[in-house]
Amino acid sequence: MKNKTLRGFIKDLRIIYEEHQFINDFGFGFVEDISFKKQNEGMVQYPYLYAIPSISTIDEREVKYTLTLVMMDRVVNYTDDNLLDILSDCNQYLQDVISQFKYSFTAADGDYTETYDIELPITLSPFADKYDDYVAGFSCDITIVLGQPLNRCDAPFNDFTAE
């Protein structure tokens, strides 16, 4: 079974980007950290998928993580057709990522349904010229549900007596 943590999900998201035929780069961090030059790695390669952590919700039976996924491509020649191509492609790439987590039932597909559930529906919102580079694409908030109940027995506490 996969690691049921935010770190495990981001690791799996990175695998999905690596296996996707058209997504060329991946980043993780906060919105103000979106950069188009990766530290010690050179320039970002587009199309670029960026994951931004948001809130997490815990109840007795599950943990939910909400992230914003930003799928963007660089606008080189600003024309209506070029912008439409970029928006259409980025929308499709986000759908690809979401469907991979939601409907991969076999080991060859990552078997993500064993570990994660993605809450539907998901609203994708278009943007253009939103960050440092001249980019366009779509973003969406996704909520990942992990069947991970609260468990005090697993918490790393030493034995102690409350005063």
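Keep in mind that this is a model prediction, so the values were computed, not measured.

Engineer: So, the packing of helix H1 (residues 6–19) against helix H2 (residues 80–103): which residues are in play, and what are the values?
Structural biologist: Direction vectors running N to C along H1 and H2 enclose 120°, while the axes themselves pass 11 Å from each other. The orientation of H1 with respect to H2, classified from their angle, is oblique. Crossing geometry of H1 relative to H2 is assigned as right-handed. From H1, Phe9, Asp12, Leu13 and Ile16 reach across to H2, where they touch Val97, Gln100 and Phe101. When grouped by side-chain class, the residues that make up the contact of H1 with H2 number 5 nonpolar, 1 polar and 1 charged.

Engineer: Can you break down the nonpolar core residue by residue, with the values?
Structural biologist: Counting residues in hydrophobic clusters, the biggest one holds 34 residues, and the most contacted among them are Phe9, Leu13, Leu49, Leu69, Phe101, Ile142 and Ile144. Those elements that place two or more of their residues in this core are H1, strand E4 (48–58), strand E5 (63–74), H2 and strand E8 (135–146). With 9 residues, H2 is the largest single contributor of residues to this core. With sequence-adjacent residues up to four places away left out, Ile142 is seen in contact with Phe9, Tyr65, Thr66, Leu67, Leu69, Ile98, Ile118 and Ile122. Residues Val44, Tyr50, Val70 and Val135 belong to the second largest nonpolar core, which totals 11 residues.

Engineer: Lay out the pattern of salt bridges in plain terms, naming residues and giving numbers.
Structural biologist: Taken as a whole, this structure holds 3 salt bridges when the rule is applied. With a shortest N-O distance of 3.8 Å, Glu62 and Lys64 are connected by a salt bridge. Its salt-bridge partner being Lys64, residue Glu119 comes within 2.8 Å of it at the nearest N-O pair. A residue pair is termed long-range when its members are at least 10 positions apart, and Glu119 in the loop between strand E6 (117–118) and strand E7 (124–128) and Lys64 in strand E5 qualify at 55 residues. For Glu119, a relative accessible area of 32% puts it in the partly exposed group. Among the charged side chains, a salt-bridge network with shared partners connects Glu62, Lys64 and Glu119.

Engineer: Report on unusual backbone geometry, specifying residues and quantitative values.
Structural biologist: Geometrically, the link from Tyr46 to Pro47 is a cis peptide bond, its omega value of -5° lying close to zero. Looking at the element boundaries, Pro47 is found in the loop between strand E3 (42–43) and E4. Along the chain, Leu120 connects to Pro121 via a cis peptide bond; the corresponding omega equals 0°. Inspection of the secondary structure puts Pro121 in the loop between E6 and E7.

So, how was this worked out
- Residues numbered from 1 in each chain as written.
- Predicted model: local features only at pLDDT ≥ 70, side-chain atom pairs only at ≥ 80, totals over all residues.
- Heavy atoms only, no water.
- Axes fitted to C-alpha atoms, helices over the stretch in contact; angles between N-to-C directions.
- Helix = DSSP H or I, 4+ residues; strand = E, 2+ residues; numbered from the N terminus.
- Parallel < 35°, antiparallel > 145°, perpendicular 65-115°, else oblique.
- Left-handed = near helix turned anticlockwise from the far one by under 90°.
- Contact = heavy atoms within 4.5 Å.
- Nonpolar A, V, L, I, M, F, W, Y, C, P; charged D, E, K, R; others polar.
- Core = buried A, V, L, I, M, F, W, Y, C linked by side-chain atoms within 4.5 Å.
- Buried < 20%, exposed > 50% of the residue type's maximum accessible area, 1.4 Å probe, protein only.
- Salt bridge = Lys/Arg side-chain N within 4 Å of Asp/Glu carboxyl O.

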